[in-house]
Amino acid sequence: MLEFGARSTGEPASIRDVTCDASGLIEGVTFPTARPRVMHAERTFWEKATAIHVFCLQNRLRGSRFARHWHDIVRLDDAGTATSAFADRALARNVANHKGMFFAEKAADGTPIDYEVAVNGSLQLVPADEALSALQQDYGQMVDDGLLLEDAEPFEALIDRCADIARRANLAAHTRRDVC
């Protein structure tokens, strides 16, 4: 699936080969291919992680199917992208800077959300209380609707994975900052 949008800078990006999932499965049918310029998955990780961080601080969902972001960062972690995103401190800072300029948000208590804090060792990926319940309901609806196909783990496992991803991201931020 390709997603188009203008909420980020789209950088870094490179040319990638895109083929149809059915290519090679149907004899005698040739599917088209494409070579679009695609934003790197590490940028996608930080975009989604900071969006989740905002949700956790605001304690509210912004519409339905928002749970996809938690599912996506776990899939990015499965692919090794999270680990490479943790190591790219400049990219993390770029995402935080961009979001700070264009997507100012406030936490549930009315204080401004600082994206720099999120990418520098205080990333929060697990909501609390009612927000966790709302997320669980949204995730369950996505699973029931068949949007996550066969790789949808139980909600509790998803949240455990997100807690581990946040722990590793925060550890990497503190470790890398000491080196730089």
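Please refer to the structure higher up on the page.
What comes next concerns the included structure. Given the structure is predicted, the values throughout are model-derived calculations rather than measurements.

Reading the values: rules and limits
Residues numbered from 1 in each chain as written. Predicted model: local features only at pLDDT ≥ 70, side-chain atom pairs only at ≥ 80, totals over all residues. Heavy atoms only, no water. Axes fitted to C-alpha atoms, helices over the stretch in contact; angles between N-to-C directions. Helix = DSSP H or I, 4+ residues; strand = E, 2+ residues; numbered from the N terminus. Left-handed = near helix turned anticlockwise from the far one by under 90°. Contact = heavy atoms within 4.5 Å. Nonpolar A, V, L, I, M, F, W, Y, C, P; charged D, E, K, R; others polar. Buried < 20%, exposed > 50% of the residue type's maximum accessible area, 1.4 Å probe, protein only. Salt bridge = Lys/Arg side-chain N within 4 Å of Asp/Glu carboxyl O.

**Thoughts on the packing of helix α1 (residues 41-58) against helix α2 (residues 68-78)**
Move 1: In the contact formed by α1 and α2, the axes pass within 10 Å of each other and the chain directions differ by 140 degrees. By crossing handedness, the relation of α1 to α2 is classed as left-handed. Each of A41, T44, F45, K48, A49, I52 and F55 in α1 lies in contact with α2, whose residues at this interface are H69, W70, D72, I73 and L76.
Move 2: When the residues that make up the contact of α1 with α2 are grouped by side-chain class, the tally is eight nonpolar, two polar and two charged.

**Regarding the side chain of K99**
Move 1: Inspection of the secondary structure assignment puts K99 in helix α4 (residues 89-102).
Move 2: If sequence neighbours within four positions are ignored, K99 has contacts with E47, T50, A51, A104 and Y115.

**Considering unusual backbone geometry**
Move 1: Despite not being glycine, N59 has its phi angle at roughly 60 degrees, a positive value.
Move 2: Mapped onto the elements, N59 comes out in the loop between α1 and α2.
Move 3: Despite not being glycine, D129 has its phi angle at roughly 50 degrees, a positive value.
Move 4: Note on placement: D129 falls in helix α6 (residues 129-144).
Move 5: Looking at D129, the relative accessible area reads 59%, which means it is exposed.

**Examining the pattern of salt bridges**
Move 1: Across all of its chains, the model carries 13 salt bridges by this definition.
Move 2: Note that E47 is salt-bridged to R43, the shortest N-O span being 2.8 Å. One end of the pair is E47 and the other is R43, both in helix α1 and four residues apart, which spans about a single turn.
Move 3: Under the relative-accessibility criterion, R43 is labelled buried at 2%.
Move 4: As a salt-bridge pair, D78 and R75 come within 3.0 Å of each other at their nearest N and O atoms.

As far as function goes, none of this settles anything; it's purely spatial.
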